[in-house]
Amino acid sequence: MIIAGIDIGNASTETALARYTNGTPQFLASGIVPTTGMKGTRQNIHGIFASLKQALTQAGLTVEEVDLIRINEAAPVIGDVAMETITETIITESTMIGHNPSTPGGLGTGVGTTVHMRNIDKIAPHESVIVIIPRDIDFETSSRIINESLARGVYVNGAIVQRDDGVLINNRLNKKIPIVDEVSLIDKVPLGMWAAIEVAAPGNVVEQLSNPYGIATVFDLSSEETKQIVPISRALIGNRSAVVIKTPAGDVKERKIPAGKITIHGKHKNAVINIDDGADVVMEAIRSVAPVEDVEGEAGTNAGGMLERVRQTMANLTDSKPNKIKIQDLLAVDTFVPQNVKGGVAEEFSMENAVGIAAMVRADKLQMDQIARELEKEVGVKVEVGGVEADMAIRGALTTPGSNKPLAIIDMGAGSTDAAIVSGSGEIHSIHLAGAGNMVTLLIASELGFDELAFPEDIKKYPLAKVETLFNIRHEDGTVEFYDKPLDASTFAKVVILTPNGMVPIPGNHSMERIRAVRREAKTKVFVTNAIRSLERVSPTGNVRDIQFVTLVGGSALDFEIPQLVTDALAQFSIVAGRANIRATEGPRNAVATGLVLAYGEEA
Ligand code: ADP
Ligand code: MG
């Protein structure tokens, strides 16, 4: 008989097609297509059909020749991610300009009262000023007036310029001063206020104003005031030039939305924690009350909003009431998100602390049977719901050459990280945890400030390079590659993603080192964390060290560095881990689909 195992995942719908003769399966072909709709919903049927069709075509078979389709019990879990900043950047009593004009003038730090260029003649000798130069005053006039003022004994300690004139002005000055130019919203710069300006040498970054104590020194701030300007200094980190202006209290109002508390309801006890305390504390609480039955956020707080949105989304997708949706696992991750800074005048961002959350909910089990019945009607083949995903995945993983019981697997997909363990005697124990490939992509997107996911997904999957000239690139590892023909001009001086379809330049001006660091950290935070906690949960003793062999399966195990990061982390527990090779042909893919076929033989 011909049997098809079909695994409906968050990202992919995979098929394994086999012929059973006298209880022995012979695999014929595989199929893989993107999952249609949200996992565990009726929309999946199109994808199921397309995936099956793909395998059938390869095997030269038709749907009519299939005797049985087995789908995974995908219903109980859906993963989703949400990201919420835990604080809001608000600046009181200060205005700042921190940006990277291409040609700031001069060098060093200057402090003084802001004064409009047209009023500088009213300034008495020995007063310190920072002069503000709007667009309608050209560089010749500006430099002449500054020179005259300096000659009069006025300490002109810096300039803020609207045009791109920093270098031109500076070249004509008798005394060099730091000049920040290209300040588009110059009318917003308050006049008559105490200001500090800093310009770093080419290739360097500001040091005094990116340090809260540096600002405190300049403005003679109290420790309470210093605390308030931390977001300013943070926002200025990495800039070549910066301006901070001290404005009177009350100019910019302060408002804060509390991060909030979450309550984790475990089977035997509850835990209440502040999201403010960070991801580690949340994860420790999850661990201490496991198994988790539901998680609730405090109303009117960021945490409450985040969890209720997850619940609402899941309710909509599964056609049920929000209060019926139980969150059964969370993965919390510390991250940063760029936030628009209030009080900024050049559209400054600061990197704010945030907690990213992947939630896993328990949905309606009947849903899957319904999909099975509908599919049966549509294709005219008997359809049954096979076993739990992770239980199937381990059966598939055991077809990896060189693997044997006892064995544990980690299935790293898009929405969830699943683990299963099979003992020497064949007993299987499994767990499904929130957070996987989608979470990695989301973290990359938010930390680099992308509001769509296509670029971040490619940044996750492929290595980077810097196009140094049109004839050479420098790879991440430092090696240089030369080309005979010139590269596309659009890639010049850009950081590019080396996709299988060619180089894709990354928008924005993040350095290659930063993108790489963000990428690797996101992978570590999600997959190393989940690998360890999932193994802890399936280990018969609760101790990761009591597991010896682990194979990695799922789409994220195809990644060029995730298996390495996980393997290295597990090596510390003396675990031998490596990527699976399902049926010696599929790599880490198709484990669940293959398992669905094999489980049929065991049951029969
Ligand atoms: P699911 O079982 O949830 O459908 P899969 O096992 O298909 O998930 O894995 C999907 C995940 O694998 C996605 O997050 C995707 O970004 C990631 N992925 C797929 N191919 C690659 C690749 N070549 N390199 C890195 N990650 C990959
Ligand atoms: Mg999967």
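Residues numbered from 1 in each chain as written. Chains lettered and ligands numbered in written order. Predicted model: local features only at pLDDT ≥ 70, side-chain atom pairs only at ≥ 80, totals over all residues. Heavy atoms only, no water.

### Describing the overall build of the chain
- Counting secondary structure elements, the chain contains 15 helices and 28 strands.
- Long-range pairs, those at least 24 residues apart, make up 67% of the contacts in the chain between residues at least 6 apart in sequence.
- Of the roughly 26,000 Å² of accessible surface on the chain, 51% is carried by carbon and sulfur atoms.
- Between the centroid of the 57 positive side chains of the chain and the centroid of its 75 negative side chains there is a distance of 1 Å. (Helix = DSSP H or I, 4+ residues; strand = E, 2+ residues; numbered from the N terminus. Contact = heavy atoms within 4.5 Å. Areas by Shrake-Rupley, 256 points an atom, 1.4 Å probe, with all protein chains shown as cover. Lys, Arg positive; Asp, Glu negative; His and termini not counted. Charge placed at Lys NZ, Arg CZ, Asp CG, Glu CD.)

### Comments concerning helix 14 (residues 562–571)
- Those residues of helix 14 that sit buried are Ile-562, Pro-563, Leu-565, Val-566, Ala-569 and Leu-570. Projection of helix 14 onto a plane perpendicular to its axis shows the buried side chains occupying an angular sector of 165 degrees, all on one side.
- Buried-residue contacts for helix 14 involve strand 19 (407–412), helix 13 (512–538), strand 27 (549–553) and strand 28 (576–579). (Buried < 20%, exposed > 50% of the residue type's maximum accessible area, 1.4 Å probe, protein only. Arc of directions from axis to C-beta.)

### What about the sheet that holds strand 4 (residues 68–71)?
- Across the sheet, which stays open at both edges, the 5 strands sit in the order 3-2-1-4-18 with mixed pairing between neighbours. Looking at which strands have only one partner, the edges of the open sheet turn out to be strand 3 (24–34) and strand 18 (382–385). Direction aside, neighbouring strands of the sheet carry axes that sit 20 degrees apart on average.
- Note that strand 1 (residues 2–8) and strand 2 (residues 12–21) share 7 bridges and pair antiparallel. Residue Ala-4 lies in a different strand from strand 2, and its bridge partner there is Leu-17. (Pairing = 2+ DSSP bridges. Axes fitted to C-alpha atoms, helices over the stretch in contact; angles between N-to-C directions.)

### Examining the sheet that holds strand 24 (residues 480–482)
- In spatial order, the strands read 24-23-22-25-26; together these 5 strands make up an open sheet with antiparallel pairing. Sheet topology places strand 24 and strand 26 (502–505) at the edges, where each strand pairs with a single neighbour. Across the sheet, the mean angle separating the axes of adjacent strands is 35 degrees when strand polarity is ignored.
- Direction of pairing for strand 23 (residues 472–475) relative to strand 24: antiparallel, over a ladder of 3 bridges. When the bridges of strand 24 are listed, Arg-474 appears paired with Val-480.
- Against the sheet, helix 12 (residues 454–461) touches strand 25 (495–499) and strand 26, its axis set at about 70 degrees to strand 25.

### Description of the site of ligand 1
- If you check the shell around ligand 1, you find 18 residues, and the closest are Ala-11, Ser-12, Glu-457, Lys-460 and Gly-555.
- In the model, an oxygen atom of ligand 1 is placed 2.7 Å from a nitrogen or oxygen of the Gly-555 main chain.
- At 3.2 Å from an oxygen atom of ligand 1 is found a main-chain nitrogen or oxygen belonging to Ser-556.
- Looking at the shell around ligand 1, the elements with two or more residues in it are helix 11 (437–448) and helix 12. (Near = heavy atom within 4 Å. Polar contact = N/O pair within 3.5 Å; in protein donor to acceptor, adjacent residues only side chain to side chain.)

### Notes on the packing of aromatic side chains
- Under the definition given, this model contains 2 aromatic pairs.
- Ring centres of Tyr-20 and Tyr-600 lie 5.3 Å apart, and the angle between their planes is 70 degrees; on these two criteria the pair is classed as edge-to-face. Note that Tyr-20 is positioned in strand 2 and Tyr-600 in helix 15 (residues 591–603), a separation of 580 residues in sequence. Like Tyr-20, the residue Tyr-600 is buried in the burial classification. (Phe/Tyr/Trp six-rings, centres within 6.5 Å; stacked < 30°, edge-to-face > 60°.)

### So, the packing of helix 11 against helix 13
- Running from N to C, helix 11 and helix 13 point in directions that differ by 145 degrees, and their axes come no closer than 9 Å. Here the hand of the crossing between helix 11 and helix 13 comes out right-handed. Residues Gly-437, Met-439, Val-440, Leu-443, Ile-444, Glu-447 and Leu-448 of helix 11 form the contact with helix 13, whose participating residues are Arg-514, Ile-515, Val-518, Arg-519, Ala-522, Lys-523, Lys-525, Val-526 and Phe-527.
- Of the residues belonging to the contact of helix 11 with helix 13, the class tally is 10 nonpolar, 1 polar and 5 charged. (Left-handed = near helix turned anticlockwise from the far one by under 90°. Nonpolar A, V, L, I, M, F, W, Y, C, P; charged D, E, K, R; others polar.)

### A short note on the pairing of strand 9 (residues 155–161)
- The element strand 9 is extensively covered by neighbouring structure, given that 6 of its 7 residues are classed as buried.
- As paired elements, strand 8 (residues 128–133) and strand 9 share 6 bridges and run parallel to each other. Counted as the bridge partner of Ile-133 is Val-161 from strand 9.
- Strand direction decides the pairing type here: strand 9 and strand 10 (residues 179–180), joined by 2 bridges, are parallel. Bridge pairing in strand 10 places Ile-160 opposite Val-180.

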